[in-house]
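Letter by letter, the chains look like this.
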Amino acid sequence: MPSDVPLPIELDQLPLVARTDIRDVRLVSIEAQAPDVPAEDAAVHFAMDEMAYRVEAGTLFVRVAANVRYFAEGPGAGQPAASESEPTRLEVGRITLILLAELAFEGGAISQTQADEFMAGNLLFMMFPYIRTTVQQVSADLRLPLTVLPYLRRETGIASEDADPPD
């Protein structure tokens, strides 16, 4: 017979992600360049630098840089095209954003090993919505092609052909 009284669980027995509180995520640096004339059909290249972090008395500070570059095809300014069939890709805009997150952990300080494991398994999924929103807003503000990054998905171990078909 199940008990109506929950069993007491110590905070340090919970997984670290269950004890995590995002206190703040803020944009701390932005560097951007947009063309004078909006580039409508530019190709977008997105990359993120490796996240850097430090642990201080129960708080994890994480710094991540996101880089977005916009390319258009055409001959370079003052540069001859390699051939008529090979258009040159010109960078027509770029955005570099640096975000800083502050996370706290219930139940006290965490070890460096716990921080490393947390970074590897969870932090990108916690930070990415903030990165995604900031890239979208800044691209719109600069009149660059609207850049909406896809959602991140965790590996489930189920391939699409293994999934049950809908009824």
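Use the structure listed above.
Numbering of residues starts from 1 in every chain and runs along the sequence as written. Whole-chain, interface and lining totals are the exception, using all residues; otherwise, since this is a predicted model, local features are given only for residues with pLDDT of at least 70 and side-chain atom pairs are given and counted only at 80 or more. Values shown for side chains rest on all heavy atoms present in the structure; no hydrogens or waters enter the calculation.

Enquirer: In this structure, what is going on with the overall build of the protein chain? I would like to understand it.
Expert: Each helix is a run of DSSP H or I of at least 4 residues and each strand a run of E of at least 2, with the numbering of both proceeding from the N terminus. The number of helices and strands found in the protein chain is 1 helix and 5 strands. Each helix (α) and strand (β) of the protein chain, taken in turn from the N terminus, gives the series β-β-β-β-β-α. Only protein chains enter the accessibility calculation, which uses a 1.4 Å probe. A residue is then buried if its area is under 20% of the maximum for its type, exposed if over 50%, and partly exposed in between. Within the protein chain, the proportion of its 167 residues that are buried is 30%. In the protein chain, 71% of the contacts between residues at least 6 apart in sequence involve partners at least 24 apart. With residues, only the protein chains shown are counted as cover, and all accessible areas are computed by Shrake-Rupley using a 1.4 Å probe. When the accessible area of the protein chain is evaluated, it comes to approximately 11,400 Å², of which 51% is carbon and sulfur surface. The criterion used for residue contact is that any of the two residues' heavy atoms lie within 4.5 Å.

Enquirer: Help me out: how do you make sense of helix α1 (residues 112–141) in this one?
Expert: Side chains three or four residues apart in an α-helix point the same way, a direct result of the helix having 3.6 residues per turn. Along its length, α1 shows its largest kink, about 55 degrees, at N122. In the stretch just after α1, R143 is the one whose phi turns positive, near 60 degrees. Bend angle per residue: angle between axes fitted to the 7 residues ending at that residue and the 7 residues starting there.

Enquirer: Can you help me understand the side chain of R132 in this one?
Expert: Its place among the elements puts R132 in helix α1. Only four residue types enter the tally: Lys and Arg on the positive side, Asp and Glu on the negative side; His and the chain ends are excluded. For this analysis, a salt bridge means a side-chain nitrogen from Lys or Arg found within 4 Å of a carboxyl oxygen belonging to Asp or Glu. Of the side chains with opposite charge, D141 lies nearest to the buried R132, which makes no salt bridge, at 16 Å.

Enquirer: What should I look at first to understand the side chain of T134 in this one?
Expert: Following the sequence through the fold, T134 ends up in helix α1. Taking the relative accessible area as the measure of exposure, T134 reaches 17% and is therefore buried. Apart from residues lying up to four places away in sequence, T134 is in contact with L27, L97 and L99.

Enquirer: What is the right way to read the packing of aromatic side chains from this model?
Expert: Geometrically, a pair of aromatic rings is defined through the distance of the ring centres and the angle of the planes. Between the rings of Phe, Tyr and Trp (Trp by its six-membered ring), a pair exists once the centres lie within 6.5 Å; its type follows the angle of the planes, with under 30 degrees stacked, over 60 edge-to-face, and the other angles tilted. Per the stated rule, a full pass over the model turns up 1 aromatic pair. Both a distance and an angle decide whether a charge sits over a ring: NZ of Lys or CZ of Arg must be within 6 Å of the ring centre and within 35 degrees of the ring normal. Stacked on the ring of F61, the Lys or Arg R54 has its end atom at 4.5 Å from the ring centre. Taking NZ or CZ as reference, R132 lies 4.0 Å from the ring centre of Y151, over its face.

Enquirer: What is the right way to read the pattern of salt bridges from this model?
Expert: Taken as a whole and judged by the stated rule, the model has 6 salt bridges. The salt bridge involving E91 is made with R94; its shortest N-O contact spans 3.6 Å. Its relative accessible area of 35% is what places E91 among the partly exposed residues. What makes R94 partly exposed here is its relative accessible area of 24%. Among the charged side chains, a network of salt bridges with common partners joins E31, R69, E91 and R94.

Enquirer: I'm lost on the environment of F118 in this one. Help?
Expert: In this structure, F118 sits in helix α1. On the accessibility criterion, F118 (2% relative accessible area) is buried. Sequence-wise, F118 and L16 are 102 residues apart; in three dimensions their C-alpha atoms are separated by 7.2 Å. The contact partners of F118, leaving out residues within four places of it in the chain, are L16, V17, T20, L60, L103, F105, L123 and M126.

Enquirer: Teacher, can you tell me more about the nonpolar core here?
Expert: A general tendency of soluble globular proteins is for nonpolar side chains to be buried together. By nonpolar core is meant a set of buried Ala, Val, Leu, Ile, Met, Phe, Trp, Tyr and Cys residues that side-chain atoms within 4.5 Å join together. In terms of nonpolar packing, the biggest core is built from 30 residues, with L60, V62, L103, F118, L123 and M127 touching the most fellow members. Elements with a minimum of two residues in this core: β4 (59–73), β5 (89–105) and α1. For this core, the element with the most residues is α1, which contributes 10 residues. L103 has contacts with T20, D21, I22, R23, G58, T59, L60, V62, F118, L123 and M126, leaving out every residue within four places of it along the chain.

Enquirer: How should I be thinking about unusual backbone geometry in this particular structure?
Expert: Peptide bonds are mostly trans, and most non-glycine residues show a negative phi. Positioned with a positive phi, R143 is a non-glycine residue whose angle comes to about 60 degrees. Take R143: it is sitting in the segment after α1. Here R143 falls in the exposed class, since its relative accessible area comes to 59%.

Enquirer: What am I meant to see in the environment of A120 here?
Expert: With respect to the helices and strands, the residue A120 is situated in helix α1. Under the relative-accessibility criterion, A120 is labelled exposed at 72%. Counting along the chain gives 69 residues from A120 to M51, while the straight-line C-alpha distance between them is 9.9 Å.

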